[in-house]
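Each chain, written out:
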Amino acid sequence: QAWQAGMDQDGVNMPPDQAGGYYDPGTRTAYLYRQPTTYYTRVLAVHEAVHQFHLLGRANGAGKLPSWYVEGIAEHLGRHDWDGRCVRLGVVPLLSQTDIPKKAKDEAAQGGLDLNDLLGNDPGSRPRAWATVSYFRLAQGGALREKFKAFETSLETSPQAGSLQVFSDAIGSPADFDAPIEAWLNEN
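Keep in mind that this is a model prediction, so the values were computed, not measured.

**Q** I tried to follow the nonpolar core on my own but got confused; where do I start?
**A** Judged by nonpolar contacts, the single largest core of 31 residues is most densely connected at Phe 136, Phe 151, Phe 177 and Leu 185. Only α3 (67–78), α4 (100–111), α5 (115–121), α6 (126–142), α7 (145–157), α8 (163–170) and α9 (178–187) provide two or more residues apiece to this core. If one sorts the elements of this core by residue count, α6 sits on top with 7 residues. Apart from residues lying up to four places away in sequence, Leu 185 is in contact with Pro 101, Ala 104, Lys 105, Ala 108, Leu 113, Trp 130 and Ala 131.

**Q** Which parts of the structure should I look at to understand the pairing of strand β2 (residues 29–32)?
**A** The side chains of a regular strand alternate, residue by residue, between the two faces of the sheet. Sheet topology places strand β1 (residues 21–24) next to β2; 4 bridges connect them, and they run antiparallel. Bridge pairing in β2 links Asp 24 to Thr 29. Count of turn residues in the β1/β2 antiparallel hairpin: 4 residues, of which Arg 28 carries a positive phi of about 55 degrees.

**Q** Just checking my understanding: could you explain unusual backbone geometry for this structure?
**A** Where the residue is not glycine, phi is negative for most of them; where a peptide bond is considered, it is trans in most cases. Although it is not a glycine, Arg 28 adopts a positive phi angle of roughly 55 degrees. Along the chain, Arg 28 falls in the loop between β1 and β2. For Arg 28, a relative accessible area of 53% puts it in the exposed group. Although it is not a glycine, Gln 140 adopts a positive phi angle of roughly 55 degrees. Given a relative accessible area of 53%, Gln 140 falls into the exposed group.

**Q** What should I look at first to understand the environment of Glu 48 in this one?
**A** One can find Glu 48 in helix α2 (residues 38–58). Residue class for Glu 48 comes out buried when judged on its relative accessible area of 2%. On a C-alpha basis, the gap between Glu 48 and Tyr 23 in space is 5.6 Å, while along the polypeptide they are 25 residues apart. If near-sequence neighbours (up to four positions away) are discounted, Glu 48 is found in contact with Gly 21, Tyr 22, Tyr 23, Ala 30 and Leu 32.

**Q** What is the right way to look at the pattern of salt bridges in this model?
**A** Oppositely charged side chains can form a pair if their charged atoms are brought close together. Per the counting criterion, the structure on display carries 8 salt bridges. One salt bridge in this structure joins Glu 75 and Arg 126, with 3.6 Å as the shortest N-O distance. With Glu 75 in helix α3 and Arg 126 in helix α6, this residue pair connects regions lying 51 residues apart in the sequence. For Glu 75, a relative accessible area of 4% translates into the label buried. Look at Arg 126 and you get partly exposed, because its relative accessible area is 32%. In this structure, Lys 102 engages Asp 106 in a salt bridge whose closest nitrogen and oxygen atoms are separated by 2.8 Å. You can see Lys 102 and its partner Asp 106 sitting in helix α4, 4 residues apart, about one turn around the helix. Among the residues examined, Lys 102 registers a relative accessible area of 45% and is labelled partly exposed. Judged by relative accessible area, which is 32%, Asp 106 ranks as partly exposed.

**Q** Explain the packing of α7 against α8 here, please?
**A** Two quantities define a packed helix pair, namely the angle between the helix axes and the distance between the axes. In contact at an axis separation of 9 Å, α7 and α8 are set at 140 degrees when each is read in the N-to-C sense. On the basis of the axis angle, α7 is oblique to α8. Judged by the sense of rotation from one axis to the other, the crossing of α7 with α8 is right-handed. Note on element contacts: α8 touches α7 through Ser 163, Val 166, Phe 167 and Ala 170, opposite Lys 147, Ala 150, Phe 151, Ser 154 and Leu 155. Of the residues assigned to the contact of α7 with α8, the class counts are 6 nonpolar, 2 polar and 1 charged.

The rules behind each value
- Residues numbered from 1 in each chain as written.
- Predicted model: local features only at pLDDT ≥ 70, side-chain atom pairs only at ≥ 80, totals over all residues.
- Heavy atoms only, no water.
- Core = buried A, V, L, I, M, F, W, Y, C linked by side-chain atoms within 4.5 Å.
- Buried < 20%, exposed > 50% of the residue type's maximum accessible area, 1.4 Å probe, protein only.
- Helix = DSSP H or I, 4+ residues; strand = E, 2+ residues; numbered from the N terminus.
- Contact = heavy atoms within 4.5 Å.
- Pairing = 2+ DSSP bridges.
- Salt bridge = Lys/Arg side-chain N within 4 Å of Asp/Glu carboxyl O.
- Axes fitted to C-alpha atoms, helices over the stretch in contact; angles between N-to-C directions.
- Parallel < 35°, antiparallel > 145°, perpendicular 65-115°, else oblique.
- Left-handed = near helix turned anticlockwise from the far one by under 90°.
- Nonpolar A, V, L, I, M, F, W, Y, C, P; charged D, E, K, R; others polar.

Okay, here's the thing in structure tokens:
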């Protein structure tokens, strides 16, 4: 109730699909509330902080970026390890309240991830977005990380080109990655 009251006080109309957190670009404020576990409260805080940083820093003035990309980065970095002294962002946690790798794996099993569709139509779910960003940042010992960075740089400087074209130019045919992403999900 306090979460909703805080947004109401600031005149924020939260989109209906938001769960426990929301970053509002108008107020430049992240709104969230304590989750059932300490870990997931931190996941949510990092997720919303990533949106804030991304909008104000890296993507500032770049235009509208695809939601799969923006959510994929926030979901990827929100997954973390914390030992009380040091945090590692962008890792696949051993245990979590929300098992996003399993959800992505289940989606893949139900109809594939279809990276071409994700990049071309921007219909991505959060698990699908997480899987895409995490695969290119983590899989194969990080072998695709530099190509993905080139994709990100191009996308953020020219979002009007569309993520499908930018991906094809920077990394290659999206269809070539459907099976490897699904295999990676099954390994993790």
